[in-house]
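Now for the letters of each chain:
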Amino acid sequence: MRHFIFAALLVAALTVLGILGLEQARLLPEQASLQAVGIDWLFSLHFKVIAFLFALIVGFMLYSIFVFRRREGDTTDGDHIEGNTSLEVLWTVVPLGVVLYFSFLGAQVLGDVERIDPLALEVDVIGSQWAWRFEYPDYDVVSTTLVLPVDQQAVLRLSSTDVIHSFWVPEFRVKQDVLPGDENMIRDLRVTPTEVGEYTVRCAELCGTQHAYMTAPVVVVQEDEFQTWLEEQAAAIPEDPVERGRLWAEQNACLTCHSIDGSKLVGPTWLNVYGSQEIMEDGSTVIVDDAYIYESIREPALRIVEGYPPAMVPGLGENLSDEQIADIIAFIKSLKE
Amino acid sequence: MAIFSLGLFTGLLYQIVGTLVGMGLVMLIRLLMGIPVWNPEPVWVVGMLFGTLAFMVGTGSVDDWFKWAKGEPTTDEHHSDPRLTGLKKYLALSFDHKVIGIQYGLWALVMITVAGSFALTFRTELAAPDLQFLQPDLYNTFMSLHGIVMIMGILLGVAAMSNYLVPLMIGASDMAFPRLNAFAFWLNVPSGIILLSSIFFGGFDTGWTGYPPLSDQAPLGMQMFFIGVYIFGLSSILGSLNILVTIFRMRAPGMILFRMPVFVWTALATSIISLTATQLIGLSFQMVMFQRLFGMGFFRPEVGGNVILFQHLFWFYSHPAVYVFILTGLGVISELLPVFVRKPLFGYRWVALSSLAIALVGFFVWAHHMFASGMETYLRVPFMFSTLLVAVPTGIKFFSWVGTMWRGKMTFQTPMLFVLGGISVFLLGGLSGPPNGTVATDLHLHDTYWIVGHFHATMFGGFVFPFFAAIYYWFPKMTGRMYNEKFGKLHFWLMLPAFYVQSLGQMQVGLLGMRRRIADYDVALGISASQMAITIAGFVIAVSVGIFFLNLLDSAKRGEVAEANPWNSRSPEWQLPSPVPEHNYADHPFEVLGEPYDYGLVGSVYTSLDPVPEPSATD
């Protein structure tokens, strides 16, 4: 019994040390959404239980190691203790209760996280290899930056044009995979930003070569600033087809793979490409003109330039109108050195 | 060329020829069909499959079956050439479960070393932000291969321990199907080669999970990954079948299930998982293979396929699979603890049955890998409950180990150090699990380095530490010589703290926003110092494993000759001479008279096997 009390004291001391240590450590990013509040509360409960259970097992282990260890010259065996059924039942039933309670808490917090605000701001979030596009259907605004008003729930309708991506802003805590497919595969993620500031959305599901760089800025602003931004965006469609083309190219992730400065990325650079003669994979040659660029956007795999992977999927250009493609061609034409 | 008489090298020669024949066959068919002769994907895939068959024929592992089919007699001889000694014995075909066990072990160590060097390569890249020397595609290939090759290495290590130990522990003279045993082992060689060959076919950038549509677009290396895993899965299924039959049919008189050494219980539980779940990963990979080869559309959204379906099929195996890794390791811990504390295993029946309970519950938790995947949302809460339930039987094991240690007269030889280290690391791994299990917190943790840290802690605690413990512990049994204790301890004291730094570091950077499987990370996250620490810790682990290898190589040749039972264990294998006679207990039949772990009970016996007399000094 004396040993047991000492070991229990050791466990208590280790638990306190563990909890204090975890409180000192930098463990979570800034908390910037309503959803994060419940999640962080559950985290801190988890961390305390982890500290206690780690101390419980390790404390008794350390006590046995240091106090009961074999003494020099002793060759006898330990006590013949085969087990104890009441103890076994105890440490089956108590943990069972604890995990059931934890699951219950987990379900409750999940309920809070998923709470629906019928007035939520709708944003269509489209993931493509390897960029994000944000469309505000109620305002006819398309952007490569996710701008959200503070303290208002946003429902992000997530979809992908190619492979699986995942939408994650660490400061918001919540995460949701972004799936390719028809409208049945669109997934909702609800976020209520609570802190004005600048964040980054990071793709969390491995999506190929440039996965690490599939990020986009997220800006949380006051409601009035949000309205101003929307108006600016609506007015910001340039008159010049070249500039419009540049905008479409940015919004549709073209520039993730095609550089405009001559450097080699996943696809051919756009610098000086218009009018040039390129060798195709099958050995034929093509003059890069309006028709070829149009085809390469609509049916990318048809004729691939030699030395490049057929990485582009038809879905990428699907939502581009013929007029927008004409703008992009004008933009490519303008890229001369 | 004497070297080509060894099974391994004949097999490799056959494999090359077989691959070429298979490739030629496809090209011929394509020629006759009037389509372009060269299309790398089908040509290579069929070539690799033919190469595997040819390898199996070349090793001679199917010879006896052909003879039986033709009605010709075969011998009961274990070895293709009984005169072989040393390492050569392990490069040749043998039906002896002890040789096969060690073959598994050696192949496991090769695979683990290869996978570890992949990790060191990309850990070096991650030591600092920005890309230093690895291009993203190569980074992704190394990262993916690290995962799958490690998994193979671990499963090989599991098979090594089960093959070597199960027959010895239950008093059998060999496995139930020795030829099937050899067949299952040799499958792993072409499987590993094909898997690693993916580097030369453009690699693959999907991680070991191979989720479509990404795996549908990946280079040809993807197919090599699928074929390699597929063949490996076949080996797992055959091997686990063999273990189950051996356990149920080949026990010594009196060896009732509840008197088996507790390791055998874990082998039983893991074999049930491998036998019944492996098909699902095979199926899911085969479906993507067929998508790529025949244009089928199971997971292709543009033709109505569903990308989530793959994840269900994949995780239905791949979650229980991790219990295959850890249960075996936990079995080693439960087996070794009583020997080194000189006390009975606390609550033997509870420990034995908790393995089956973990295996059973493990079948109902797979979707916790998919909380953020976009599967039906109502599935998440029930899977959260079932997932957390795993903590209950796992807790029984921890509490029973503590009960075993309490008042035990512990000694601290290398195997025991690895057991104790393993318990603490597995505890860290286990306790970092529930935050992933509750859906709300998992939404933050999913696909971050927290998961990487959690998973590595479970793998190191549940497999790596116990595997090293097992190698040190049974080294004298396998070789008849002792390892070097000083270097064994050095190995441990380097690896344990380094591992804690690595794992806790991974968990911390994950919480702070470091995603999994990225070649480069954002300086703004403020995690650069931790990344450097993780990389350094990784290299310290590598150095410690290097010391382990040197110790093993040197001790196998020059180590002190071991006593018959250096650990004073009650287990039957230690009552035999070391190394064990070819047919185990054929000349030492025994009966089970008592309980396996009655340490401290004066006059108790476990088996009736006569102890082998100590060799006298003049021998």
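The residue numbering used here restarts from 1 in each chain and proceeds along that chain's sequence as written. All chains are assigned letters beginning at A, and all ligands numbers beginning at 1, according to the order in which they are written. Local features are withheld for residues below a pLDDT of 70 in this predicted model, meaning they are given only at 70 or higher, and side-chain atom pairs are given and counted only at 80 or more; totals for whole chains, interfaces and linings count all residues. In computing side-chain values, all of the structure's heavy atoms are included and hydrogens and water are not.

Asker: Could you give me a rundown of the packing of aromatic side chains, with the residues and numbers involved?
Answerer: Classification of ring pairs uses Phe, Tyr and Trp, with its six-membered ring standing for Trp, and accepts pairs whose centres are within 6.5 Å; under 30 degrees between planes counts as stacked, over 60 as edge-to-face, and the remaining range as tilted. Summed over the entire model, instances satisfying the criterion amount to 67 aromatic pairs over all chains. Across the ring face of A:Tyr308, the terminal group of A:Lys264 is positioned such that the distance to the ring centre comes to 4.8 Å. We count a charge as sitting over a ring when the NZ of a lysine or the CZ of an arginine lies within 6 Å of the ring centre and within 35 degrees of the ring normal. For the cation-ring pair, B:Arg349 lies above B:Phe258, with the distance from its terminal atom to the ring centre recorded as 4.1 Å.

Asker: Describe the packing of helix α2 (residues 40-59) of chain B against helix α10 (residues 262-294) of chain B, and please don't skip the residues or the numbers.
Answerer: Relative placement of two packed helices is described by the angle separating their axes and the distance separating the axes. All names here are of chain B. For the pair α2 and α10, interaxial distance at closest approach is 9 Å and the crossing angle is 135°. On the basis of their axis angle, the class for α2 and α10 is oblique. Of the residues in α10, those in contact with Glu41, Pro42 and Val45 of α2 are Met289, Arg292 and Leu293. Amino acid classes used here: Ala, Val, Leu, Ile, Met, Phe, Trp, Tyr, Cys and Pro are nonpolar; Asp, Glu, Lys and Arg are charged; the rest, including Gly, are polar. In the contact of α2 with α10, the residues fall into four nonpolar, no polar and two charged. Every angle, taken between N-to-C directions, lies between 0 and 180 degrees, and every axis is a line fitted to C-alpha atoms, over only the stretch in contact when it is a helix. Each helix corresponds to a stretch of at least 4 residues labelled H or I by DSSP, and each strand to a stretch of at least 2 residues labelled E; elements are numbered beginning at the N terminus. Each angle is binned into one of four classes, with values under 35 degrees roughly parallel, values over 145 roughly antiparallel, values of 65 to 115 roughly perpendicular, and all other values oblique. Should any heavy atoms of two residues lie within 4.5 Å, those residues are counted as being in contact.

Asker: Kindly report on helix α14 (residues 391-405) of chain B, identifying the contributing residues and their values.
Answerer: Residue and element names in this part refer to chain B. With 15 residues, α14 should cover 21 Å at 1.5 Å per step; its first-to-last C-alpha distance of 21 Å lies within 8% of that length. Using a 1.4 Å probe on the protein chains alone, a residue whose accessible area is under 20% of its type maximum counts as buried, one over 50% counts as exposed, and one in between counts as partly exposed. The buried count for α14 comes to 14 of 15 residues, which makes it a mostly enclosed element. Immediately downstream of α14, the backbone of arginine 407 shows phi near 65°, a positive value. Expected helix span is given by 1.5 Å per residue-to-residue step, counting one fewer step than there are residues.

Asker: Summarise the interface of chain A and chain B; cite the residues concerned and give the values.
Answerer: If you look at the interface, chain A gives 86 residues, while chain B gives 90 residues. Two parts lose some accessible area (1.4 Å probe) when they are put together, and adding that loss for both gives the buried area. Across the chain A to chain B interface the summed buried area is about 7600 Å²; carbon plus sulfur atoms make up 68%. For salt bridges, the criterion is a side-chain nitrogen of Lys or Arg within 4 Å of an Asp or Glu carboxyl oxygen. Our enumeration of links across chain A and chain B arrives at five salt bridges. Polar contact is defined as a pair of N or O atoms within 3.5 Å, subject to the rule that within protein one atom must be able to donate a hydrogen and the other to accept it, and that residues adjacent in sequence are counted only when both atoms are side-chain atoms. Counting every contact that joins chain A to chain B gives 27 residue pairs in polar contact (both at pLDDT 80 or more). Secondary-structure elements contributing two or more residues to the side of chain A that touches chain B are α1 (2-24), α2 (34-67), α3 (85-113) and β7 (175-178) of chain A. With 18 residues, α3(A) is the single largest residue contributor to the side of chain A that touches chain B.

Asker: A description of the environment of B:Pro497 should follow, citing residues and the corresponding values.
Answerer: Residue and element names in this part refer to chain B. Note that proline 497 resides in helix α19 (residues 485-511). We classify proline 497 as partly exposed; its relative accessible area is 40%. Sequence separation of proline 497 and isoleucine 541 is 44 residues, and the distance between their C-alpha atoms is 9.2 Å.

Asker: Lay out the sheet that holds strand β10 (residues 215-221) of chain A with the relevant residues and their values.
Answerer: Residues and elements named next belong to chain A. On the basis of which strands lie adjacent, the open sheet formed by three strands has the order β4-β10-β9 and mixed pairing. Two strands lie at the open edges of the sheet, namely β4 (146-149) and β9 (197-202), each paired on one side alone. Pairwise comparison of adjacent strand axes, ignoring direction, gives a mean angle of 25° for this sheet. Strand pairing requires that DSSP identify at least two bridges connecting the strands. Sheet topology places β9 next to β10; six bridges connect them, and they run antiparallel. Looking across to β10, one finds that tyrosine 199 is bridged to valine 218. Strands β4 and β10 of the sheet are contacted by helix α4 (residues 223-235), whose axis makes an angle of about 140° with β4.

Asker: Outline the sheet that holds strand β8 (residues 187-191) of chain A, listing residues and values.
Answerer: Residue and element names in this part refer to chain A. Spatially, five strands are ordered β3-β2-β1-β5-β8 in an open sheet, and the strand pairing comes out mixed. Both edges of this open sheet fall to β3 (141-143) and β8, since each of them pairs with a single strand only. Strand-to-strand, the axes of this sheet are offset by a mean angle of 25°, without reference to chain direction. Packed onto the sheet, α4 meets β1 (121-128), β2 (131-136) and β3 and runs at close to 95° relative to β3.

Asker: Account for the domain arrangement of chain A, with residues named and values stated.
Answerer: Residue and element names in this part refer to chain A. The domain boundaries here were taken from an automatic or database domain assignment. Per the domain assignment, the segments of chain A are domain 1 (2-65 + 86-113), domain 2 (121-235) and domain 3 (241-334). Here domain 1 and domain 2 have C-alpha centroids that lie 35 Å from each other. Taken together, the contact pairs twelve residues of domain 1 with 13 residues of domain 2. Contact between domain 1 and domain 2 buries roughly 1000 Å² in total, counting both sides, with carbon and sulfur atoms accounting for 54%. Of all residues in domain 1, Glu30, Ala32 and Gln35 bury the most surface against domain 2, accounting for 47% of the area lost on that side.

Asker: Help me get a handle on the packing of helix α6 (residues 136-170) of chain B against α10(B), residues and values and all.
Answerer: Residue and element names in this part refer to chain B. Between α6 and α10, the least distance of the axes is 10 Å, while the angle of their chain directions is 130°. By the criterion of interaxial angle, the relationship of α6 to α10 is oblique. The two elements α6 and α10 cross, and the hand of that crossing is left-handed. For the pair α6 and α10, the contacting residues are Met161, Ser162, Leu165, Val166, Met169 and Ile170 in the first and Phe263, Val264 and Ala267 in the second. Throughout, a crossing is termed right-handed when the near helix is turned clockwise from the far one, and left-handed when it is turned anticlockwise from it by less than a right angle.

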